[in-house]
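# Per-entry structural report
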Amino acid sequence: MSDDDTMQSDSPQNLRNRKKEREEEETPKPQTTATTTNSKWSNAWTRFLFSVPMIGGFILILWLGPFYVALLVVSLQVKSFHELMVIGHSKYSALDLPWYRVLNWYFLGVANYFFFGESLTSTFRNLFIGEEYLNKLASYHRFISYWLYLGGFIAFVLSLRKNKYKVQFTLFGWTHVVLLCCVVQSHLIIQNCFQGLYWLLFPAAMVICNDIMAYFFGICFGRTPLIQLSPKKTWEGFIGGAFSTMIFGLFLSAWMYQFKHLICPVEYDGSALVISNCQPGYVFNSQTFAVPSGIQTLLSIFGISWSEFVIRPITFHGLFMALFASVIAPFGGFFASGFKRAFNLKDFGDLIPGHGGVIDRMDCQFLMGTFVFVYYYSFIKSVTVNSVLQIVYGMETDNQIDLYTALGESLADRGLI
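Residues numbered from 1 in each chain as written. Predicted model: local features only at pLDDT ≥ 70, side-chain atom pairs only at ≥ 80, totals over all residues. Heavy atoms only, no water.

Glancing now at the overall build of the protein. When its secondary structure is counted, the protein shows 17 helices and 6 strands. Nonlocal contacts in the protein, meaning residues at least 24 apart in sequence, comprise 69% of its contacts between residues at least 6 apart. (Helix = DSSP H or I, 4+ residues; strand = E, 2+ residues; numbered from the N terminus. Contact = heavy atoms within 4.5 Å.)

As a further point, take the state of the cysteines. Inspection of the entire model under this criterion finds 1 disulfide. What pairs with C264 in a disulfide is C278, and their sulfur atoms sit 2.0 Å apart. Sign of the S-S torsion, about -90° for the bond between C264 and C278, identifies this disulfide as left-handed. Residue C264 is found in the loop between α11 (260-263) and β3 (266-268), and its partner C278 is found in the loop between β4 (273-275) and β5 (287-290); the two are separated by 14 residues along the sequence. (Disulfide = S-S within 2.5 Å.)

Counted according to the given criterion, the structure contains 4 salt bridges. R361 is paired through a salt bridge with D211; the nearest N and O atoms lie 2.9 Å apart. Taken as a pair, R361 in helix α15 (residues 358-379) and D211 in helix α9 (residues 198-221) lie far apart in primary sequence, 150 residues in all. Measuring nitrogen to oxygen at the nearest pair gives 2.9 Å for the salt bridge that ties D360 to K340. (Salt bridge = Lys/Arg side-chain N within 4 Å of Asp/Glu carboxyl O.)

This part takes up empty space enclosed by the protein. Inspection of every chain in the model, using the stated rule, returns 1 cavity of 30 Å³ or more. The calculated volume of the largest cavity comes to roughly 120 Å³. Lining the largest cavity are L97, P98, Y100, L103, N104, F107, F156, S159, Q168, L171, F172 and T175. Of all the secondary structure elements, the ones that give two or more residues to the lining of the largest cavity are α5 (100-123), α7 (141-159) and α8 (165-194). (1 Å grid on protein atoms, 1.4 Å probe; cavity = no way out; pocket = protein on both sides within 12 Å on 5 of 7 lines; lining within 4 Å. Points joined across faces, edges and corners; volume = space filled by probe spheres on them.)

It is worth spelling out the packing of α9 against helix α10 (residues 235-256) at this point. The interhelical angle for the contact between α9 and α10, taken along N-to-C directions, is 145°, at an axis separation of 7 Å. The way α9 lies across α10 gives a crossing that is right-handed. When α9 is examined against α10, the residues Y198, L201, F202, A205, M206, C209, N210, M213, A214, F217, G218 and F221 are found in contact with a partner set consisting of E236, G237, G240, G241, A242, S244, T245, F248, G249, L252, S253 and M256. (Axes fitted to C-alpha atoms, helices over the stretch in contact; angles between N-to-C directions. Left-handed = near helix turned anticlockwise from the far one by under 90°.)

Running from N to C, helix α4 (residues 66-90) and α15 cross one another at 115°; their axes reach a closest spacing of 10 Å. In this view, α4 runs roughly perpendicular relative to α15, as classed from their interaxial angle. In terms of crossing hand, the pair formed by α4 and α15 is left-handed. Residues L76, K79, S80, E83 and L84 of α4 touch α15, and the partners they reach there are V358, I359, M362 and F366. (Parallel < 35°, antiparallel > 145°, perpendicular 65-115°, else oblique.)

A few words on the nonpolar core. Counting residues in hydrophobic clusters, the biggest one holds 71 residues, and the most contacted among them are Y198, W199, M321 and M368. Considering every element that reaches this core, the biggest residue donor is α8, with 12 residues. Not counting chain neighbours up to four residues away, the residues in contact with M321 comprise Y198, W199, F202, P203, M368, F371 and V372. (Core = buried A, V, L, I, M, F, W, Y, C linked by side-chain atoms within 4.5 Å. Buried < 20%, exposed > 50% of the residue type's maximum accessible area, 1.4 Å probe, protein only.)

For the rest of this paragraph, the subject is the environment of H187. Considering the arrangement of structural elements, one finds H187 in helix α8. C-alpha separation for the pair H187 and F373, spaced 186 residues apart in sequence, amounts to 9.9 Å. Beyond its immediate chain neighbours, meaning those up to four positions away, H187 contacts F115, F116 and S119.

Inspection of the entire model under this criterion finds 34 aromatic pairs. With centroids separated by 5.4 Å and ring planes inclined at 80°, the aromatic side chains of F156 and F169 adopt a geometry described as edge-to-face. Of this pair, F156 sits in helix α7 while F169 is found in helix α8, placing the two residues 13 residues apart along the sequence. On the numbers, 4.2 Å between centres and 20° between planes, the contact of F156 with F172 is stacked. Placement of the pair is F156 in helix α7 and F172 in helix α8, with a sequence separation of 16 residues. On the accessibility criterion, F172 (17% relative accessible area) is buried. (Phe/Tyr/Trp six-rings, centres within 6.5 Å; stacked < 30°, edge-to-face > 60°.)

Another point: the confidence of the model for the protein. When pLDDT is averaged across the protein, the result is 84; 86% of the residues are at 70 or more. Per-element confidence in the protein ranges from a low mean pLDDT of 47 for helix α1 (residues 3-9) to a high of 96 for α7. (pLDDT = per-residue confidence, 0-100.)

A positive phi angle, close to 75°, is found at N163, a residue other than glycine. Note that N163 resides in the loop between α7 and α8. Positive phi is not limited to glycine here, since N344 has a value of about 55°. Within the secondary structure layout, N344 lies in the loop between α14 (330-342) and α15.

This brings us to a nonpolar patch on the surface. Residues L60, W63, L64, F67, Y68 and L71 make up a contiguous nonpolar surface patch of roughly 670 Å² in combined accessible area. Those elements that place two or more of their residues in the nonpolar patch are α3 (33-64) and α4. Considering the arrangement of structural elements, one finds F67 in helix α4. We classify F67 as partly exposed; its relative accessible area is 45%. (Patch = residues over 30% accessible without salt bridge, like charges linked within 9 Å, V, L, I, M, F, W, Y side chains within 5 Å. Areas by Shrake-Rupley, 256 points an atom, 1.4 Å probe, with all protein chains shown as cover.)

Along the polypeptide, T224 turns up in the loop between α9 and β1 (225-227). Separated by 12 residues in sequence, T224 and E236 place their C-alpha atoms 6.9 Å apart. Excluding its chain neighbours within four sequence positions, the residues that come into contact with T224 are K233, T234, W235 and E236.

Here's what the structure looks like:
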């Protein structure tokens, strides 16, 4: 081949053409619409097959009682912690970090000891009646928890190694963020459960309903992308899921209030945690509300007279929780999607075929559970005999007698006894 032929074959135009040909060969051909649709429905079928036993197992645990529900939440918390810690450590797995895994699980144990100890000492103080050593543990619970944490803190400082400081401190911070996300929020969910299974089951059902219906509407009608973090999410799925959840929440709330097993708080009967035999509170009983004067005036123009209406307050609360589950809780999923993109992950794990890991199923539930805890203690919780007794049980015997005497005299003075 002559020099002229070589120069001509290596001309800029020929080089660009050959590069374009190679790129076309290497670029995978897009899937056809039929293939994509079949893949979507295949994944949907897999999710359905594994959703049925999960829902069945959850119903069984609800039937077994609040202790097993709390045990389930703790199990999900531990698995979630494990999934997140594996991700955080994967980047530095080649490094020999002393005590890293041991300290992670130690801090998880200390955090659970503190939070669940707080629950027992504040909600079930009668557990410790007649048991001196348990009373001592309850009285000094926070002091003991603090020193347990200090033990882990000192061990971490002693584990620091030259040239690894930055990595070790990064992972130390990562551990505490994961503890905040998993342990604290699971503790709040268990607190909701102790106030009555309704406050666990109804919010969880709203999130599940929204997830299922948004997925269904997205597959059938999805055309418009919703958010860049999660390309598969569409406006059609988001709006369809929200509308369906609001309707479902209205009917589910009206049905669930009938069962004392769901609305009564948990108590300790001397041998186990059981559902108390309570009378339905204010929010579960029908109440009469006055129609705002402005609306009455507007209706009177059309000859309509409407001054009051009767409804159970739980209907309003249920609708508001359904709204949160539809509009705000999905951002827990978007946050998780962004997190997975940051670490180039498809799922947090592969424990549940078609669903991924525990975090993939619990991202919205954690956010929803925290909201319900804040909402309940802000707008619903009231002082009850049981909550007062838990405080009384924590008092010294002499103070209990003084309280009994003072209360008796007060009731006698008012002619009530």
